[in-house]
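Residue strings, one per chain:
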Amino acid sequence: MSPAPPDAAGDLFAANLKGSLLAVASSAFIGVSFIVKKKGLRRAGAAGSRAGVGGYGYLLEPLWWVGMITMLIGEIANFVAYMFAPAVLVTPLGALSIIVSAVLAHFILNEKLQRMGVLGCVLCIVGSTVIILHAPEEETPSSVEQIWHLATQPAFLCYAASALVVSLILMMHCAPRYGQTNIAVYVGICSVVGSLTVMSIKAVGIAIKLTIEGINQAGYLQTWLFVAISCLCIIIQLVYLNKALDTFNTAVVSPIYYAMFTSLTILASAIMFKDWSGQSVSSIASEICGFLTVLSGTVVLHSTRESDQTISPDLYTPLPPIYWHIQGNGETIKQKEEDLLSADFITVVRQDYFV
């Protein structure tokens, strides 16, 4: 977008501040929702088919719905944040949700947070602060038609087409084969689709804001196209995010999802809304450094967290015959196989010994 005139700089700063505060509140709710949903997925998985293998029993789990409501509150706050501030500012602040989920997972899910993980949290906070201080001041488009013009630029159309092709390949080819073993598959789908979700949601948010201000946007076909795209993308994200959370450790999913999703969203926003247009080189460099700092924090946080321990499917397969040599009265006797488990012989097997 074109830079704002000097007399509007104060209003744009206030809008950025509102967007930042809403993004922080959104991160807190979303971070809590990760933990609550994970608890619900565990309960549902214990009672039936897990979400990671295609089960939908979590839809009957009340705790999962509590997590969904919490996430919905966070997403609404995030939605409103995009009305006031550019995606380059709002999206990186999602790193704060990683801190919330990591700390809560340490106490609630027993996914231990190490000392270096604390350093990762600090890096996320420092990087987010740098991004806030150097965020671009974005001018709000005057109509949905103007946003549609931005969305139909050749550069963004190329990005959207590439995102669609990559998503279909991941969903149709990679997910059935590698989804249970490679975290990049499910998270990649969420991230690529998520970048399109943010662009369409930002368009819908601006349309709502303009309508509230008295410039009705409901009569434009483009408004409803953006709404339809948003709903479709959100559903796809929810399905594959649930698969990722149920299959892999929360502490692994959160940072990788954040890094991929944020990078792609910043790229998409820079192409569509030209967020960096009119900014100085030093400001752009500061924002990039801030994002890299946040990214480093997520990597440190991820590398110091424990991964989920899965039980091998052949854990309880029959063991080969065991022959005991018993020393008695100075003589070594080879015990018969059928006598191994006599009435006086008690065996206690603990799963802990096999992990």
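Just so it is clear, the structure is predicted and the values come from calculations on it, not from any experiment. (Residues numbered from 1 in each chain as written. Predicted model: local features only at pLDDT ≥ 70, side-chain atom pairs only at ≥ 80, totals over all residues. Heavy atoms only, no water.)

A. Quick look at helix H8 (residues 183-212). Given a rise of 1.5 Å per residue, 30 residues ought to cover 44 Å, and the 42 Å separating the end C-alpha atoms of H8 matches this to within 8%. The largest bend along H8 measures about 25 degrees and falls at glycine 194. Taking burial as the measure, the 30 residues of H8 include 26 buried ones, the bulk of the element. The opening residue of H8, the one whose side-chain oxygen lies 3.0 Å from the backbone nitrogen of alanine 184, is asparagine 182. Of the residues trailing H8, glycine 214 is marked for its positive phi of about 105 degrees. (Helix = DSSP H or I, 4+ residues; strand = E, 2+ residues; numbered from the N terminus. Expected span 1.5 Å × (residues − 1). Bend = angle between axes of the 7 residues up to and from the residue. Buried < 20%, exposed > 50% of the residue type's maximum accessible area, 1.4 Å probe, protein only. Polar contact = N/O pair within 3.5 Å; in protein donor to acceptor, adjacent residues only side chain to side chain.)

B. Inspection of the pattern of salt bridges at higher detail. Evaluation of the coordinates by the stated rule reveals 1 salt bridge. Taking the shortest distance from any N to any O, the salt bridge between arginine 43 and glutamate 61 comes out at 3.8 Å. With arginine 43 in helix H1 (residues 9-47) and glutamate 61 in the loop between H1 and helix H2 (62-84), this residue pair connects regions lying 18 residues apart in the sequence. By relative accessible area, glutamate 61 is classed as buried at 13%. (Salt bridge = Lys/Arg side-chain N within 4 Å of Asp/Glu carboxyl O.)

C. Molecular detail of the confidence of the model for the protein chain. For the protein chain, per-residue confidence averages 79 on the pLDDT scale, and residues scoring 70 or more make up 79% of the total. Mean pLDDT across the secondary structure elements of the protein chain bottoms out at strand E2 (residues 331-334), with 48, and peaks at helix H7 (residues 154-178), with 94. Counting contacts from residues 332-355, a segment whose pLDDT is below 50, to residues more than four positions away or on other chains yields 26 contacts. (pLDDT = per-residue confidence, 0-100. Contact = heavy atoms within 4.5 Å.)

D. Highlighting the environment of glutamate 287. Relative to the assigned elements, glutamate 287 resides in helix H11 (residues 281-303). Glutamate 287 sits 11 residues away from tryptophan 276 along the chain, and the two C-alpha atoms are 10.0 Å apart. If near-sequence neighbours (up to four positions away) are discounted, glutamate 287 is found in contact with Val88, Ile131, His134, Ala135, Pro136, Trp276 and Gln279.

E. Just a nonpolar patch on the surface, in detail. A cluster of nonpolar side chains, namely Met116, Val118, Leu119, Val122 and Val126, defines an oily patch on the protein surface of about 400 Å² accessible area. Along the chain, valine 122 falls in helix H5 (residues 115-133). By relative accessible area, valine 122 is classed as partly exposed at 43%. (Patch = residues over 30% accessible without salt bridge, like charges linked within 9 Å, V, L, I, M, F, W, Y side chains within 5 Å. Areas by Shrake-Rupley, 256 points an atom, 1.4 Å probe, with all protein chains shown as cover.)

F. Focus on the packing of H7 against H8. Closest axis-to-axis distance for the H7/H8 pair is 9 Å, and the angle between their directions is 155 degrees. With respect to H8, the element H7 is oriented roughly antiparallel. Seen along the crossing, H7 lies across H8 with a hand that is left-handed. In this structure, H7 contributes Phe156, Tyr159, Ala160, Ala163, Val166, Ser167, Leu170, Met171, Cys174, Ala175 and Tyr178 to the contact, and H8 contributes Val185, Tyr186, Gly188, Ile189, Val192, Val193, Ser195, Leu196 and Met199. Residues that form the contact of H7 with H8 fall into these classes: 17 nonpolar, 3 polar and no charged. (Axes fitted to C-alpha atoms, helices over the stretch in contact; angles between N-to-C directions. Parallel < 35°, antiparallel > 145°, perpendicular 65-115°, else oblique. Left-handed = near helix turned anticlockwise from the far one by under 90°. Nonpolar A, V, L, I, M, F, W, Y, C, P; charged D, E, K, R; others polar.)

G. Inspection of the packing of aromatic side chains at higher detail. Counted under the stated rule, the structure contains 5 aromatic pairs. Centroid distance tyrosine 186 to tyrosine 240: 6.1 Å. Interplanar angle 45 degrees. Geometry classified as tilted. With tyrosine 186 in helix H8 and tyrosine 240 in helix H9 (residues 221-247), this pair connects stretches of sequence that are 54 residues apart. With respect to burial, tyrosine 186 and tyrosine 240 carry one shared label: buried. For lysine 202, the ring lying beneath its charged end belongs to phenylalanine 273, and the centroid distance is 5.5 Å. (Phe/Tyr/Trp six-rings, centres within 6.5 Å; stacked < 30°, edge-to-face > 60°. Lys NZ or Arg CZ within 6 Å of the ring centre and 35° of its normal.)

H. Up close: the nonpolar core. In terms of nonpolar packing, the biggest core is built from 77 residues, with Phe156, Met199, Tyr240, Leu241, Val253 and Met272 touching the most fellow members. Considering each element in turn, this core owes the most residues, 17 residues, to H8. Two domains each put at least three residues into this core: domain 1 (10-111) and domain 2 (129-305). Excluding residues within four positions of it along the chain, tyrosine 240 makes contact with Met171, Ala175, Tyr186, Ile189 and Cys190. (Core = buried A, V, L, I, M, F, W, Y, C linked by side-chain atoms within 4.5 Å. Domains from an automatic or database assignment.)

I. Examining the environment of serine 20 more closely. With respect to the secondary-structure elements, serine 20 resides in helix H1. Classification of serine 20 as buried rests on a relative accessible area of 7%. In this structure the C-alpha to C-alpha distance between serine 20 and alanine 81, which are 61 residues apart in sequence, comes to 7.0 Å. Not counting residues up to four positions away in its chain, the partners in contact with serine 20 are Leu89, Leu93 and Ile132.

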